Structure formats: C-alpha cells, structure tokens
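Residues per chain are reported as follows:
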Amino acid sequence: MPLPNLPYLDRPLILLSNREPYEHVHRGGGIEVRPPAGGLVSALDPILRRTHGTWVAWASGNADRTVADDFGRVSVPPEDPAYTLRRVWLSEDDVEGFYLGFANSALWPLCHLFVSMVDVRRSNWKSYVRANALFSAAVVQEAERIGGAPMVWVHDYHFALVPATIRRTIPGALIHQFWHIPFPPPDVFGILPLGVQGALIRGLLGNDLMEFQTDGYARNFVDCLSRVLPDARFDADEARIEFEGRATRVGVFPISIDVAEWARLAALPRTIEMSDTLRQRYAPGARQLVVSVDRMDYTKGIVRRLRALEHMWRSEPERRGTFTMLLVATPSRTDIPVYARLEHDVLDQIVRLNDEFRTLDWTPIVLVHDNVDADLLAAVYRAADVCVVSSLQDGMNLVAKEFIACRTNGTGVLVLSRFAGAADELSSALPVNPFFIDAFADTLGVALDMPAQERASRMAQLRHRVSNATIEDWLDSILSAAEAAGRTLKADAAAL
Ligand code: ADQ
C-alpha cells in the first residue's frame, strides 16, 4: 500500500489494539507465525514498519510467550524485523472478564443499541479496569524504553480507561483514540451504572483527539459527556471539549479499505477462475448470485436477511430459482453464549429454508461457514450480481467498500442497511431497513430487477466515492489531525 507522507510523525509512535498484528502458534511440532489478519491490521502494519514504532497488544497465540523476550517484546515482521510488538499477557479470568465479559457482553451490545443484551457484572468491570491498567502500564514502559514524548494511538472500546491513565503518567504524550463501533445516545449509555459511565467518559477525555466513524456517533459522545459531566464545556465551532483544564478534540474519520489492493486481488487470474467457478456452480444461465460476507455477529442482521428471503420466496413464488444466496460467515466470539445461539439459529434457519424451497437443480442458500482468504473473498465479490449488507447497527462496515472496490467491471448492486456507518457515504447504494422485513424483501426484488444501465450508473458513483476516500486518505487525515492537536498542546504549554 503506498503510504501517505508522514512528515508529521516526529514523535515515536506507540499503537495499542486488542488484536496483535502477528500471532505465534504451535503447529506440527514447530512454531508458525500468522501474519496480519483483517483489513485494519494490514493497514496499520506498514505505518509501524515505516516509523519503526511499537505495537502493544494482547498475546493471543499459544506460542507467543516462547518467542518473546522477558518483557513480552518480539521484533516483527519475523522475516524482516522493522518494529517492536509488545505483548501483554492476560490471565484466563481476565480474558473472560475483560474481553468476553465487559468489552463484548456489556460495551459491544450497548454501543450497538442491543439494550436487552447488555450484561453488566461487577467482576467483569473490575477485570476491565485491571486489564486497562495492565495495557496502560505496558504502553508507559514502552514509552520509557523509547524516550521522548510519544504519540499513542489507542484503538477501540476495549481501552476506554487507558488514555487518562497514560495522560497522568506521561503528561507530554500526544494521545488519540479511534472508536471503531457506534457510540450510543445518552439514554442508552445511561443504563450503565453511574460510576461506570463517569469512569469511561473521564478515561476517554485523557485523549487529545477522539475519532469517530460518523457525525452521529461523535454527537452522541458529546451528548453523553454533557450528561455525565455537566461541568464539561463543548465548543461546537472548534469541536473541542474542555474539562478540568484540559482540552479534547472530537473528529469524524470514516474508515476505509486498501482500494488498490482489493482491485488487484479481484483481477488476479486465479480470482477470476474462482469467480467463474462460483457462477457456474450457483448462478448458471440467467440465475443471479446474491452474496453477503460477515462475522457471525447479531449486529449484522443475518437472521433478518434470512427472514426477508423467506418472505420473498413465500409471497413471490415466481422468484424461487431466479437467484442463489451465497452467505459467507466467519465464526466469531463463540465462547459467548449469545454468539453460539446465533450460530445455531442461523444454521437451523438455513436448513429449514433449503428443505422447504429447494428444487432438483437449485439450492436456495449456500453457506460458507468459515474464515476465508482474501482472494476467495475477492472472487465472491466479483462473482456477485448483488451484495447485501443488512447490519442492524454497524460502526462503518468494510464489506460494503470491499465489494465496490472489487467491481472493476463497473456492475453490481449494493443493498446497504441505513444503520451501517457506510450508509452516510455510500448514498448511491440501495438503502434498506432490515427491521422492516417486507420492505427488505421488496428492496431485494428491486436490486434483482434493476436494469443494467442503472446498475452501472450507481456503481460508477460508488466507485468514485470509494476511490477518493481510501485507507491511505483515512490515515493521512487522522495522523495530521492528531499532529495538529499536538501542536496545540505545545502552544498551550509554551503559554503557561
Ligand atoms: P467488524 O464488525 O468486524 O469491524 P466489518 O467492517 O464488516 O466489521 O469488517 C469485517 C472484516 O472481516 C472485513 O474486512 C471482511 O472482509 C472480513 N470478513 C468478514 N467475513 C469474513 C470471512 N468469512 N472470511 C474472511 N474475512 C471475513 C469493526 C466494526 C465495523 C468497522 C470495522 C473497522 O464493527 O463497523 O467497519 O471495525 O473500523
């Protein structure tokens, strides 16, 4: 990926995320390294390489300890070491209490407005506090090793308490945080215990810059903090919060993907071959192929997507056999009971629908229940006539953008939930409300019937948007905004 110029990165960079960029695992009597998995890690890895920075993350691999030094440090990438990965060890209790518990069974459903699923336990909160302290201590230790005032870039909802802790220990650090998921409105945030609300907001105000995917989430954050900390002042013109003599800026930075890399993958001969095979198998002749790609998560609206299909096949029997639904879903967080139940429900529903509607030459829904390689994903996107994103809430949704980037032939219809952050940007997609099942089915019908000319014109607009707002643009805008926040810091310090 061509990186933006980074003239502003004059401070040592320390990045903190829950997932680590390289994981060491025991395999076949040896140790194997799993390279960066997922778009985000792949996007951030080159920046760390170029700046020789430090990445602090949870040690999730079962051979991580074997290859790290006494402090949990290992140089990566293994074949050409360029930066330090500092691993943080969590006890089994903390994986359960911090990660599966407070982060993913309280904050995740809360931020996605699944109020009835929010499960707050005192022990999980204590574990979240303990884990945040552990990660903060690792960041501080790395900052001391490197020397100077670092730029610390914190990622996501796992680490709301980290910024304030680092701020207290390294007052000169430039700290900013990207919040990948939605931020809830005050009435929803307000279901957390009061003390927890205060701790989370105060923790986040340790940042110099808080980064959100959309205006709506940024506004919710400001509304929550005004309710929780009535003494905080918000200057809307400057997008600046002042509290207890410190300022935090709030910014909107919709995340994107490596557009050129997805386009390259989609054009590889083996991708084209896989794509042709998918079409021959599932969409021969005039039959169309509808695809979806998700982590198996209740926020992605998979069950409602299946209900809309059922509604369509019942109310419009003439549509049966005219398209196949290829559902690619990677298992996720299966240690949490609601996820295990979701998986069970989705599999059950697919078997039932296939039993009811299949014909001799047509299987209505094909499920790929696995984590697949990026080139197979590109082949799926390339083979599709329609891609459906039906999130009930979603910070952004990268799948929508990946689909567009792979449509180098300029065709294909994107059906996009209006509750995904991506809907703010991708206004030429076909919007859908996944809660309104009949209308969802109608929209699928509109997508399937859309004339070629309208498909091409909508896709041209989508491709224009995505090509002009890539992951490089995202990095560039965040890092320059963070640097500007840093300059303000220096000016404030000089004025004292
Ligand atoms: P996620 O909730 O994981 O991310 P999303 O943005 O769709 O959601 O990203 C999923 C990624 O996983 C995509 O890159 C996709 O290609 C990949 N993926 C999905 N299914 C796969 C499969 N079966 N095999 C292999 N890869 C698969 C969170 C937020 C989002 C936000 C991102 C980035 O919830 O709203 O867009 O972070 O900020």
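Residues numbered from 1 in each chain as written. Predicted model: local features only at pLDDT ≥ 70, side-chain atom pairs only at ≥ 80, totals over all residues. Heavy atoms only, no water.

S.K.: Quick one: what's the story with the sheet that holds strand E18 (residues 430-432), residue by residue and with numbers?
M.R.: Read across the open sheet, the six strands follow the order E15-E14-E13-E16-E17-E18; overall the sheet is parallel. The open sheet is flanked by strand E15 (365-368) and E18, the only strands paired with a single partner. If you compare each strand with its neighbour and ignore which way they point, the axes differ by 20° on average. Both strand E16 (residues 386-389) and strand E17 (residues 413-417) contribute to a ladder of four bridges, which runs parallel. Residue Val386 lies in a different strand from E17, and its bridge partner there is Val413. With respect to the sheet, helix H10 (residues 269-282) is in contact with strand E13 (288-295), strand E14 (323-330) and E15, its orientation differing from that of E13 by roughly 115°. (Pairing = 2+ DSSP bridges. Helix = DSSP H or I, 4+ residues; strand = E, 2+ residues; numbered from the N terminus. Axes fitted to C-alpha atoms, helices over the stretch in contact; angles between N-to-C directions. Contact = heavy atoms within 4.5 Å.)

S.K.: Please give an account of the domain arrangement of the protein that cites residues and values.
M.R.: Along its sequence, the protein is carved into domain 1 (7-255 + 473-495) and domain 2 (259-468). Of note, the centres of domain 1 and domain 2, computed from C-alpha atoms alone, are 31 Å apart. Of the residues lining the interface, 20 residues belong to domain 1; the matching set on domain 2 comes to 20 residues. Ranking the residues of domain 1 by area buried against domain 2 places Trp108, Phe114 and Ile255 at the top, with a combined share of 31%. Counting across the interface, domain 1 meets domain 2 through zero salt bridges. (Domains from an automatic or database assignment. Buried area = accessible area lost by both parts, 1.4 Å probe. Salt bridge = Lys/Arg side-chain N within 4 Å of Asp/Glu carboxyl O.)

S.K.: Run through unusual backbone geometry, naming residues and quoting values.
M.R.: As a rule of thumb, non-glycine residues mostly have phi less than zero, and peptide bonds are mostly trans rather than cis. Here the amide bond leading from Val76 into Pro77 is cis, since omega sits at -10°, within 30 degrees of zero. Mapping Pro77 onto the fold places it in the loop between strand E5 (73-76) and strand E6 (83-88). The residue Glu244 is not glycine, and still its phi comes out positive at about 50°. Positionally, Glu244 belongs in the loop between strand E11 (240-243) and strand E12 (246-252). Overall, Glu244 belongs to the exposed group, its relative accessible area being 61%. In this model, Asn397 sits at a positive phi of 95°, which is unusual for a non-glycine residue. Examined against the element boundaries, Asn397 turns out to sit in the loop between E16 and helix H14 (398-406). Take Asn397: its relative accessible area is 7%, and that puts it in the buried class. (Buried < 20%, exposed > 50% of the residue type's maximum accessible area, 1.4 Å probe, protein only.)

S.K.: So what's going on with the sheet that holds E12? Residues and values would help.
M.R.: Taken together, the 10 strands give an open sheet; going across it, the order is E5-E6-E4-E1-E7-E8-E9-E12-E11-E10, and neighbouring strands pair in mixed fashion. Because the sheet does not close on itself, it has two edges, and the strands there are E5 and strand E10 (233-235). In this sheet, adjacent strand axes meet at a mean angle of 20° when their direction is disregarded. Of the strand pairs in this sheet, E11 and E12 are connected by four bridges, and their pairing is antiparallel. Looking at E12, one finds that Ile241 is bridged to Thr248. Packed on one face of the sheet, helix H5 (residues 162-169) meets strand E1 (13-16), strand E7 (151-155), strand E8 (174-178) and E12 and runs near 175° to E8. On top of the sheet, helix H8 (residues 215-228) reaches strand E9 (209-212), E10, E11 and E12; it is set at about 155° to E12, its chief contact.

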